[in-house]
Amino acid sequence: MTAAELDDNARPRVFVGPTSVPELEAAVIAGGGELSTLGAAEAIVYFGSDEPEELRELIHDGIAWVQLPHAGVEPWQRAGLFDLPVAFTCSAGLYGRPVAEHVVALMLAAARNLPRHIREPHWQQDKLTTQVEGVTALVIGGGGITSALLPMLAALGVRSVVSAQHDVPGADEVVPREAFREWLPRVEYVVLAAPSTPETRHLISSAELGLMRQDAWLINVGRGDLVATGDLVTALRAGQIAGAGLDVVDPEPLPEDHELWHFPNVIVTSHSANPERSYWRLLAQRTEQNVRAFSLQRGVGKTLLLAGMVRSDRGY
């Protein structure tokens, strides 16, 4: 599209699809955009099968920006879509608060031994429950989930150590990513809230599980492949750690006959840390925000600065 063809005062033409989503269509209009056919569109608010080739087929020469519906963008990264001359935004940082609430729920469930109580069919007092006040949590990842989680941990009296490559306001201590293993023998909770990248795949495997305290819980709300699932099963069988709270696993969905379903000290929440009602509300907010920003920034030769920009060099 040439400068002559683009009227900066016109409403940006946005295609929502290929699956029609009324909440996202309303957000486009609220952000000052105009719902458009794919052929006439300048931008795509994508919602579909998540298959990379489906999205690739939607992108044509007139598309300048694509809004993705998830925080995790690994399938599109692996398929090379981020090498296209198009700006991509995702939902990174958007679902931080609801997912952080889920972390707290898993921590409290672990401390109060709720998995056993839920399974027990008879009255039995439990003298092994604990408080979370006074414990230490190692949080791996410095993004939106962590930022939302830290004040919740502080309110509960939990000391927070964050492993990240940058300063994280609100943390009691920040340590470099490569130093996280030094903290594994010293904390009661290890919380995974990092993206999936080649560097973070199987970040927690047999070596790391062997360093954890026997009374420690592993909580994963990041991506399933941060944990080597087979090694986790082995550690649970051996009683190396106290338990695991898993909202994400590898593979997903977890097969019905998988051993993780049968451990009394494992909570699997089937990738539901972000409630559906929150998902649509927050995604609509991000879409409206970015459509409004796109309408102001779009134009030939202009660099877009939108919320949740995906960087192709890091894959998120």
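Residues numbered from 1 in each chain as written. Predicted model: local features only at pLDDT ≥ 70, side-chain atom pairs only at ≥ 80, totals over all residues. Heavy atoms only, no water.

1. With respect to the overall build of the chain
Across its full length, the chain carries nine helices and twelve strands. For 316 residues, the compact-globule estimate of 2.2 N^0.38 gives 20 Å, and the chain sits close to it at 22 Å. C-alpha extents for the chain along the principal axes are approximately 75 × 40 × 35 Å. With 316 residues in all, the chain has 50% of them scored as buried. Total accessible area computed for the chain in this model is approximately 15100 Å², and 52% of it derives from carbon and sulfur atoms. (Helix = DSSP H or I, 4+ residues; strand = E, 2+ residues; numbered from the N terminus. Rg over C-alpha atoms; globule rule 2.2 N^0.38 Å. Buried < 20%, exposed > 50% of the residue type's maximum accessible area, 1.4 Å probe, protein only. Areas by Shrake-Rupley, 256 points an atom, 1.4 Å probe, with all protein chains shown as cover.)

2. Looking at the packing of helix H4 (residues 96–111) against helix H6 (residues 144–155)
Packing of H4 against H6 brings their axes to within 8 Å, and their N-to-C directions diverge by 50 degrees. Taken together, the axes of H4 and H6 lie oblique to each other. Remark: the crossing between H4 and H6 carries right-handed chirality. Residues Gly96, Arg97, Val99, Ala100, Glu101, Val103, Val104 and Met107 of H4 touch H6, and the partners they reach there are Gly144, Ile145, Ala148, Leu149, Met152 and Leu153. Residue composition of the contact of H4 with H6, by class: ten nonpolar, two polar and two charged. (Axes fitted to C-alpha atoms, helices over the stretch in contact; angles between N-to-C directions. Parallel < 35°, antiparallel > 145°, perpendicular 65-115°, else oblique. Left-handed = near helix turned anticlockwise from the far one by under 90°. Contact = heavy atoms within 4.5 Å. Nonpolar A, V, L, I, M, F, W, Y, C, P; charged D, E, K, R; others polar.)

3. Some words on the confidence of the model for the chain
Overall, the predicted model of the chain reaches an average pLDDT of 93, with 96% of residues at or above 70. Counting interchain partners and residues more than four positions distant, the pLDDT-below-50 stretch residues 1–6 has ten contacts. (pLDDT = per-residue confidence, 0-100.)

4. Brief notes about helix H8 (residues 229–238)
Of all the residues in H8, the buried ones are Thr229, Leu232, Val233, Ala235 and Leu236. Looking down the long axis of H8, one finds its buried residues gathered within 165 degrees of arc, a one-sided arrangement. Away from its buried face, by an angle of more than 90 degrees, H8 presents the exposed residues Arg237 and Ala238. Of the residues flanking the end of H8, it is glycine 239, one or two places downstream, whose phi is positive at about 70 degrees. (Arc of directions from axis to C-beta.)

5. Section: the packing of helix H1 (residues 22–30) against helix H9 (residues 276–297)
Think of two packed helices as two axes; the pair is described by the angle between the axes and how far apart they sit. One can describe the packing of H1 onto H9 by two numbers: an axis separation of 8 Å at closest approach and a directional angle of 30 degrees. Between H1 and H9, the crossing angle belongs to the class labelled roughly parallel. The two elements H1 and H9 cross, and the hand of that crossing is right-handed. Touching Glu23, Leu24, Ala27, Val28 and Ala30 of H1 are Trp280, Leu283, Ala284, Thr287, Glu288, Val291 and Arg292, all from H9. For the contact of H1 with H9, a count of residues per class yields eight nonpolar, one polar and three charged.

6. Considerations on the pairing of strand S11 (residues 243–246)
The side chains of a regular strand alternate between both faces of the sheet. By the alternation rule, side chains of S11 split into Gly243 and Gly245 and Ala244 and Leu246, which are all buried. Where strand S10 (residues 217–220) lies against S11, four bridges are found, and the strand directions are parallel. In the sheet register, asparagine 220 faces S11, and the bridge partner there is leucine 246. Of the crossover connections in this fold, the one passing from S10 over H8 to the parallel S11 is right-handed. Pairing geometry for S11 and strand S12 (residues 266–268), over three bridges, is parallel. By the bridge assignment, alanine 244 is partnered in S12 with valine 266. (Pairing = 2+ DSSP bridges. Right-handed = clockwise from strand over helix to strand, strands pointing away.)

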